[in-house]
Amino acid sequence: MSTHNIHAERVLILDFGSQYSQLIARRIREAGVYCELHPFDLDAAVIRDFAPRGIILSGGPQSVHEEETPRAHPCVFELGVPVLGICYGMQTMAAQLGGRVAAATHREYGYAQVRARGHSALLRDIEDHTSPEGYGLLDVWMSHGDRVESLPDGFQVIAETANAPLAGIADETRRFYGVQFHPEVTHTRQGQRILDRFVHDICGCQRLWTPTNIIQDSIATVRRQVGTDAVLLGLSGGVDSSVVAALLHRAIGDQLTCVFVDNGLLRRGEGEQVMRTFARHMGVRVIRVDAEDRFLGRLKGITDPEQKRKIIGNTFIEVFDDEASKLENVQWLAQGTIYPDVIESAGAKTGKAKVIKSHHNVGGLPEEMNLKLIEPLRELFKDEVRKIGIELGLPSEMVYRHPFPGPGLGVRILGEVHREDAETLRRADDIFIEELRRAELYDQVSQAFAVFLPVRSVGVVGDNRQYAHVIALRAVETIDFMTARWAHLPYDFLDLVCRRIVNEIPDVSRVVYDITGKPPGTIEWE
Ligand SMILES: Nc1ncnc2c1ncn2[C@@H]1O[C@H](COP(=O)(O)OP(=O)(O)OP(=O)(O)O)[C@@H](O)[C@H]1O
Ligand SMILES: O=c1[nH]c(=O)c2[nH+]cn([C@@H]3O[C@H](COP(=O)(O)O)[C@@H](O)[C@H]3O)c2[nH]1
Ligand SMILES: NC(=O)CC[C@H](N)C(=O)O
Ligand SMILES: [Mg+2]
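Residues numbered from 1 in each chain as written. Chains lettered and ligands numbered in written order. Predicted model: local features only at pLDDT ≥ 70, side-chain atom pairs only at ≥ 80, totals over all residues.

A. Here's a closer look at the nonpolar core. Counting 138 residues, the largest nonpolar core has Val231, Leu233, Leu248 and Cys258 as the members making the most contacts within it. The element contributing the most residues to this core is helix 6 (residues 239-252), with 9 residues. Apart from the residues within four sequence positions on either side, Cys258 is in contact with Leu233, Leu235, Ala245, Phe278, Val284, Arg285 and Val286. (Core = buried A, V, L, I, M, F, W, Y, C linked by C-beta atoms within 7 Å. Buried ≥ 20, exposed ≤ 12 C-beta atoms within 10 Å, placed from the backbone. Helix = DSSP H or I, 4+ residues; strand = E, 2+ residues; numbered from the N terminus. Contact = placed C-beta atoms within 7 Å.)

B. Spatial organisation of the sheet that holds strand 10 (residues 176-179). Read across the sheet, 10 strands follow the order 2-1-3-4-10-9-8-5-7-6 without closing on themselves; strand pairing throughout is mixed. Each having just a single partner strand, strand 2 (34-39) and strand 6 (129-130) make up the two edges of the open sheet. With 4 bridges connecting them, strand 1 (residues 10-15) and strand 3 (residues 54-57) associate as parallel partners. Looking across to strand 3, one finds that Ile13 is bridged to Ile56. Seen against the sheet, helix 3 (residues 88-96) touches strand 3, strand 4 (83-86), strand 5 (100-116), strand 7 (136-150), strand 9 (168-171) and strand 10 and runs at an angle of roughly 120 degrees to strand 4. (Pairing = 2+ DSSP bridges. Axes fitted to C-alpha atoms, helices over the stretch in contact; angles between N-to-C directions.)

C. Region of the structure containing the pairing of strand 10. Where burial is concerned, the two faces of strand 10 agree: the one with Phe176 and Gly178 and the one with Tyr177 and Val179 are both buried. Of the pairings in the sheet, the one linking strand 4 to strand 10 comprises 4 bridges and is parallel in character. Looking across to strand 10, one finds that Ile86 is bridged to Val179. Alignment of strand 9 against strand 10, held across 4 bridges, turns out to be antiparallel. Paired with Ile169 across the bridge in strand 10 is Gly178.

D. Highlighting the site of ligand 3. Taken together, Ser18, Gly59, Gly60, Pro61, Gln62, Ser63, Cys87, Tyr88, Ser143, His144, Gly145 and Asp146 form the complete shell of residues around ligand 3. Looking at the shell around ligand 3 element by element, the count peaks at 4 residues for strand 7. A class-by-class count of the residues in the shell around ligand 3 yields 3 nonpolar, 8 polar and 1 charged. (Near = placed C-beta within 6 Å. Nonpolar A, V, L, I, M, F, W, Y, C, P; charged D, E, K, R; others polar.)

E. Representation of the UniProt feature "active site" (unreviewed entry) in the protein within the structure. Listed under "active site" (unreviewed entry) in the UniProt record, and renumbered for this structure, are Cys87, His182 and Glu184. Spatial clustering of the annotated residues is evident: they stretch over 98 residues in sequence, but the largest pairwise C-alpha distance comes to 11.2 Å. Here Cys87 lies in the loop between strand 4 and helix 3. Residue contacts for Cys87: discarding those within four places in its chain leaves Gly59, Ser143, His144, Gln180 and His182. (UniProt positions renumbered as here; feature names shortened; annotations may be inferred.)

F. Just helix 6, in detail. Relative to the 20 Å expected for 14 residues at 1.5 Å per residue, helix 6 spans 20 Å between its end C-alpha atoms, a close match to the ideal helical length. Counting buried residues in helix 6 gives 13 out of 14 residues, a clear majority hidden from the surface. The first or second residue beyond helix 6 is Gly253, which carries a positive phi of 50 degrees. (Expected span 1.5 Å × (residues − 1).)

G. Expanded view of the UniProt feature "binding site: ATP" (unreviewed entry) in the protein. Following the UniProt record, the feature "binding site: ATP" (unreviewed entry) maps to Ser236, Gly237, Gly238, Val239, Asp240, Ser241 and Ser242 here. If near-sequence neighbours (up to four positions away) are discounted, Gly238 is found in contact with Pro403 and Phe404. With respect to the helices, strands and loops of the structure, Asp240 is situated in helix 6. Given 21 C-beta atoms within a 10 Å radius, Asp240 is considered buried.

H. Seen up close, the domain arrangement of the protein. If you check the domain split of the protein, you get domain 1 (10-202), domain 2 (211-399) and domain 3 (418-513). Each partner contributes residues to the interface: domain 1 has 5 residues there, and domain 2 has 6 residues. Looking at the side of domain 1 that touches domain 2, the elements with two or more residues in it are helix 1 (21-30) and strand 2. When residues of the side of domain 1 that touches domain 2 are assigned to their parent elements, the largest contribution, 3 residues, is made by helix 1. In the side of domain 1 that touches domain 2, the residues fall into 2 nonpolar, 1 polar and 2 charged. (Domains from an automatic or database assignment.)

See below:
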């Protein structure tokens, strides 16, 4: 049983549309405090029911001084809990409580140095440098064009810059704080300390949100939820489903059955690895379904990328359906949904956030099969999922592996998918990944893989003419996979990988390296 109620002390973040709202939530979680991110116009009744220990108002693209721009519900300032406004959040707090906000003559984007004033509970003793006059100086990151020009009653200035004399404000009595800079971004060097200060010292939250507590709590919840029913999980070998498998196995043991589908579009050794880690080492019941013929059969003659994705998704559903109907007493389908998926799909529904992913995995399973859904990672960010995976004893190569798309090699073999090309690609990809690991570059890039190009190019090998395929290598660096920079891998390294691929795989005569960023490219080629 869980020893603490890890959700009891919670912080509410109201999202005014900042690019960094999710980052605020991640930082609060890093501080060991449970928080949720919701749209700024969340119902007052829901806000009260949430019973937050503190509220954070995020930044946002709009201008408080224009008409009809977002406001926090007045109840935010009436609950008697601390409030921290960041950028737009500070501006709207100031405006709503009687201060004035206007466009500044100078905008501030990027680095700025803030001078702390007085001894606020928020910034006291937190500094990067000390000025000759003895003031604390903070290196921060700004992104604003408006500024607070006059303070509401009860507020004092706690930080200033040349361009924003009111860069930090506080009403210590009501425990309302505002900062014009962004403590949630890593460029604000003391940002985590400032947020720690807010949630621990000002809101009075303890550090209950830790991997050990999260695991204990999820186990208790899962046991309560499923009782003695059986649970089915699609296990891909990817991070999320692997962590769900480990967690459910610990919670309900033999009541869990995993289905691993080999669709013929997986990386080399994937099936073997899944069976070794889960079935052999951990004693999880895993059914391996060999569905290569079924998938490749359906893909015959299909060249359009979107059509390929749809066919692969639908075939997954069929295979799952078949497997589920063979099992007895299965009432639940487990899924590796994580918190960013929840935020993004809510945003997509209300139209407040831009639709980020239109990718599909094995979507649609629940309706098709009438199973109840169980999603034990629904509240967690990827980094939290990884920490839990490690704590549950999963190997770190599994927990820290690069993401792999649901449609797999199906979107990395351009045009029609042929079995022998999939094998060629698997070999090339395996060489690339193996060498990245050997050179200790694997963890320095966010995602790396090979792509099969269905064109032929002439080469010369051993005095003979060779007319064979082209492999493209792709490696990117990114935080959120929304934008990416191509990885500047060393030439000598690329040279080595190229030579191995061309020498070891007869069907490849040429290797190219993709130097397109995202945008304008996407990460996958299809
Ligand atoms: N080959 C497969 N066999 C069984 N289930 C699969 C397979 N591929 C995907 N799935 C299911 O689809 C879900 C979504 O896939 P997705 O790639 O988003 O997540 P993941 O594989 O768990 O983790 P990661 O994002 O690290 O790849 C998985 O959690 C898993 O339940
Ligand atoms: O689970 C998935 N199902 C999909 O259909 C899918 N398509 C792309 N990706 C992964 O998403 C990230 C961004 O990819 P793109 O720049 O190609 O859109 C990269 O990490 C891609 O590998 C997918 N993941
Ligand atoms: N990053 C923000 O929250 C910006 C707030 C507001 N749009 C400004 O320019 O000042
Ligand atoms: Mg995956």
